[in-house]
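# Coordinates in review
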Amino acid sequence: MSRSVTYAMDYKKIDKLIMKYLIIIVLLILAVTNMNFIVRSINLVFTAFANIIFAAMIAYVINIIMSRIEKIIVKTDQPFLIKRKRIFGVILSLVTIALIFYLLINLILPEFFKAVTVLIETIPTYAEQLRVFLMDAFENMPDISQYVNSLQLDWKSIVDNFLAIAGNGLGNVLGTTFNIVSSIMGSLFNMLLVIVFAIYLLIDKDRFITLYYRLTTLYLSEEQRKKIGVVLKVTHQSFSSFIGGQCIEAAILGSLCTLGMMILQMPYAIMIGTLVGTINIIPIIGAYIGGAIGVFMVFTVSPMQSLAFLVYLIILQQFESNVIYPRVVGNSVGLPGIYVLASVIVFGAIAGIPGMFLGIPTIASLYKLLKMHIIKKENALKQTQHIKEDTQ
C-alpha cells in the first residue's frame, strides 16, 4: 500500500515537471514567433516611462549629495535645521550641482570661443606660410612654383563671407522652420518636467521607502524580505561607489593632463585639463572626446604643439585606461580591474555610452552577490563536514 502511494506521488511530481517544461517551451515558441510584437511593446513601454526613469536616475544621483548634506545638518544639533533637513538638503544639492555646471561652463566656453577667434585670425598666416613652403619645395619646377605663387587669396574676406553666409543660413533656418523651434521647446519642457519629478521623488523619499516596507511586509516572508534587502543594499553600494569612483578618476585624469601641459608649456592647460577630466566621466572613451577638442584648441596657437599634445594625451590615456581606471573605479565598486574593462567592452557594444555607465555597477553588484552566495555555500558545506566528523 505504501509503495503504491509513493509511486502515485512520484507520478504526480513527474506530471507537474512535464507540465512545467511544456509551459516553458510554449512560452518560448510564442516569444520567438511574436518577437517583433514583443520588441515593439517593450519600446512602447520604455518610451512611455522614459521621462520617469530618467527622473529617477537624476534623483538617485542628487540623493548621493543630499544624503551627505543631511548628515551634516543632523550633526549641527539645530532643531530648526534638523526638522527641515530634507528641504535644505534638496535645495543645497541643486545649488551645488548648478554651481559646478556654472564653473565648468564659465571655465571652458570663453576659452573655446577665444581659440576659435584665434584660429580665424591666424588662417591667413598659416596659408601664407604653406604657400612659401610649397614654393621653396618646388623651386626646381617653375610651372608648379609659378602656379603656387599665383594663389593669392584674400583669406580674411573668405572667412568673413563664410561666417556671414553661415550666420544668415542658420538664422533663416531657425526663423522659417517651426518644427525645430517646437522640438527645442518640447525638449526644454520635458527636461523641466523631469527635474520637477526628480525633486518630488527626493522630497517624498521617505514616503516611498515606507510604502516599500509596507508592501514587502504584507506580501513577502521574512526570509524573502532579507534577500531582497541584501540585493538592494549591494546594488546601491555598487552604483553610489561607481559614481564616486568616476568623479575621483575624472579629477585625477584632469589634474594629470593640466600638470603635464603646464610642464610642457602648452596653452589652455587648465581649460583643456578641466574639459578632459569632465568628459572623462564617460567611461574609457571620454578622454578621447575631450582630447580631440584639446588638440583643436592647441592647434589654434601652435600646430606643432598640438602634435606634442596628441602624443602626450595618447600616453596618458593608455596609462589611465589600463592602470588608473581599473584600480580607482574597480576598487571603489569592489570589482577586479579585468572585469571593469570587460564590462565596458561588452555593455558598450550592446548599449553604447549608457551601457558603459550601467554595465560596471551592474556587473559589480552581480559579482558581490555571487561572491556572498559562494561564501555562504562554502560555510554551510564546512559545517556539514564538521558535523559528520563529530558524529563518526
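Bear in mind the structure is a predicted one, so any value in this text is a computation, not a measurement.

### Things to note about the overall build of the protein
- Looking only at helices and strands, one finds 13 helices and zero strands in the protein.
- Going from the N terminus to the C terminus, the protein shows its helices and strands as α-α-α-α-α-α-α-α-α-α-α-α-α.
- Burial statistics for the protein: of 392 residues in total, 24% are counted as buried.
- Within the protein, counting contacts between residues at least 6 apart in sequence, those at least 24 apart form 66% of the total.
- Surface summary for the protein: the accessible area is close to 26,800 Å², and the carbon and sulfur share equals 72%.

### Comments concerning the environment of Gly273
- With respect to the element layout, Gly273 can be found in helix α10 (residues 269-279).
- Taking the C-alpha atoms as reference points, Gly273 and Met261, separated by twelve residues in sequence, lie 8.2 Å from one another.
- With residues up to four places along the chain from it excluded, the contact list for Gly273 reads Gly254, Cys257 and Thr258.

### As for the layout of surface pockets
- By volume, the second largest pocket amounts to about 300 Å³.
- In terms of lining residues, the second largest pocket is bounded by Glu223, Lys226, Lys227, Val230, Val231, Leu369, Met372, His373 and Lys376.
- At the level of elements, α9 (222-263) and α13 (337-391) are the ones that each hand at least two residues to the lining of the second largest pocket.
- Looking at which element gives the most residues to the lining of the second largest pocket, the answer is α9, with five residues.
- Taken together, the residues of the lining of the second largest pocket break down into four nonpolar, one polar and four charged.

### Some remarks on the packing of aromatic side chains
- Counting across every chain of the model gives four aromatic pairs.
- Where Tyr200 meets Phe208, the ring centres are 6.4 Å apart and the plane angle is 80 degrees; that geometry is what we call edge-to-face.
- For Tyr200, a relative accessible area of 40% gives the class partly exposed.

### A word on the confidence of the model for the protein
- In the predicted model, the protein carries a mean pLDDT of 78, and 78% of its residues have values of at least 70.
- No element of the protein has a lower mean pLDDT than helix α6 (residues 155-176), at 53, and none a higher one than helix α8 (residues 205-219), at 90.

### Some words on the side chain of Thr258
- Within the secondary structure, Thr258 sits in helix α9.
- The contact partners of Thr258, leaving out residues within four places of it in the chain, are Ala269, Ile270, Gly273 and Thr274.

### Observations regarding the environment of Ser343
- Of note, Ser343 is situated in helix α13.
- The buried category is assigned to Ser343, whose relative accessible area is 4%.
- Residues Ser343 and Leu358, spaced 15 residues apart in sequence, show a C-alpha to C-alpha distance of 9.1 Å.
- Aside from chain neighbours lying at most four places away, what touches Ser343 is Leu335, Gly348, Gly359, Ile360 and Ile363.

### Observations concerning the pattern of salt bridges
- Under the definition given, this model contains four salt bridges.
- Asp206 serves as the salt-bridge partner of Arg86, at 3.6 Å between the closest nitrogen and oxygen. In this pair, Arg86 sits in helix α4 (residues 85-137) while Asp206 sits in helix α8, placing the two residues 120 residues apart along the sequence.
- For the salt bridge of Glu222 with Lys226, the shortest nitrogen-to-oxygen distance reads 3.8 Å.

### Points about the nonpolar core
- Ranked by internal contacts, the top residues of the largest apolar core, which has 20 residues, are Cys257, Met261, Met271, Ile272 and Phe309.
- Examining the composition of this core, we find that six residues originate from one element, α10, more than from any other.
- The residues contacting Phe309, other than those within four sequence positions of it, are Cys257, Met261, Met266, Ile272, Gly291, Gly294, Val295 and Val298.
- Ranked by size, the runner-up nonpolar core spans ten residues in total, among them Phe242, Val329, Val333 and Ala364.

### A closer look at the packing of α9 against α10
- Axis separation between α9 and α10 bottoms out at 8 Å; the angle between their running directions is 155 degrees. As judged from the angle between their axes, α9 and α10 are roughly antiparallel. Considering the relative orientation of α9 and α10, their crossing is right-handed. Contact with α9, carried on its side by Ala250, Leu253, Gly254, Cys257, Thr258, Met261 and Met262, involves Ala269, Ile270, Ile272, Gly273, Thr274, Val276 and Gly277 of α10 and no other residues of that element.
- Classifying every residue of the contact of α9 with α10 gives nine nonpolar, five polar and no charged.

### What about unusual backbone geometry?
- Here the phi dihedral of Gln265 falls at roughly 55 degrees; this positive angle occurs in a residue that is not glycine.
- Note on placement: Gln265 falls in the loop between α9 and α10.
- If you check the backbone angles, Tyr268 has positive phi at about 55 degrees while not being a glycine.
- Under the relative-accessibility criterion, Tyr268 is labelled buried at 13%.

### Regarding the environment of Lys114
- Secondary-structure assignment places Lys114 in helix α4.
- Assessed through its relative accessible area of 47%, Lys114 is described here as partly exposed.
- As a C-alpha pair, Lys114 and Met297 span 183 residues in sequence and 9.2 Å in three-dimensional space.

### Some thoughts on the packing of helix α2 (residues 35-75) against α9
- For the pair α2 and α9, interaxial distance at closest approach is 11 Å and the crossing angle is 80 degrees. One finds that α2 runs roughly perpendicular with respect to α9. On α9, the residues that touch Tyr60, Val61 and Ile64 of α2 are His236, Phe239, Ser240 and Ile243.
- Within the contact of α2 with α9, the residues separate by chemical class into five nonpolar, two polar and no charged.

Rules used throughout
Residues numbered from 1 in each chain as written. Predicted model: local features only at pLDDT ≥ 70, side-chain atom pairs only at ≥ 80, totals over all residues. Heavy atoms only, no water. Helix = DSSP H or I, 4+ residues; strand = E, 2+ residues; numbered from the N terminus. Buried < 20%, exposed > 50% of the residue type's maximum accessible area, 1.4 Å probe, protein only. Contact = heavy atoms within 4.5 Å. Areas by Shrake-Rupley, 256 points an atom, 1.4 Å probe, with all protein chains shown as cover. 1 Å grid on protein atoms, 1.4 Å probe; cavity = no way out; pocket = protein on both sides within 12 Å on 5 of 7 lines; lining within 4 Å. Points joined across faces, edges and corners; volume = space filled by probe spheres on them. Nonpolar A, V, L, I, M, F, W, Y, C, P; charged D, E, K, R; others polar. Phe/Tyr/Trp six-rings, centres within 6.5 Å; stacked < 30°, edge-to-face > 60°. pLDDT = per-residue confidence, 0-100. Salt bridge = Lys/Arg side-chain N within 4 Å of Asp/Glu carboxyl O. Core = buried A, V, L, I, M, F, W, Y, C linked by side-chain atoms within 4.5 Å. Axes fitted to C-alpha atoms, helices over the stretch in contact; angles between N-to-C directions. Parallel < 35°, antiparallel > 145°, perpendicular 65-115°, else oblique. Left-handed = near helix turned anticlockwise from the far one by under 90°.

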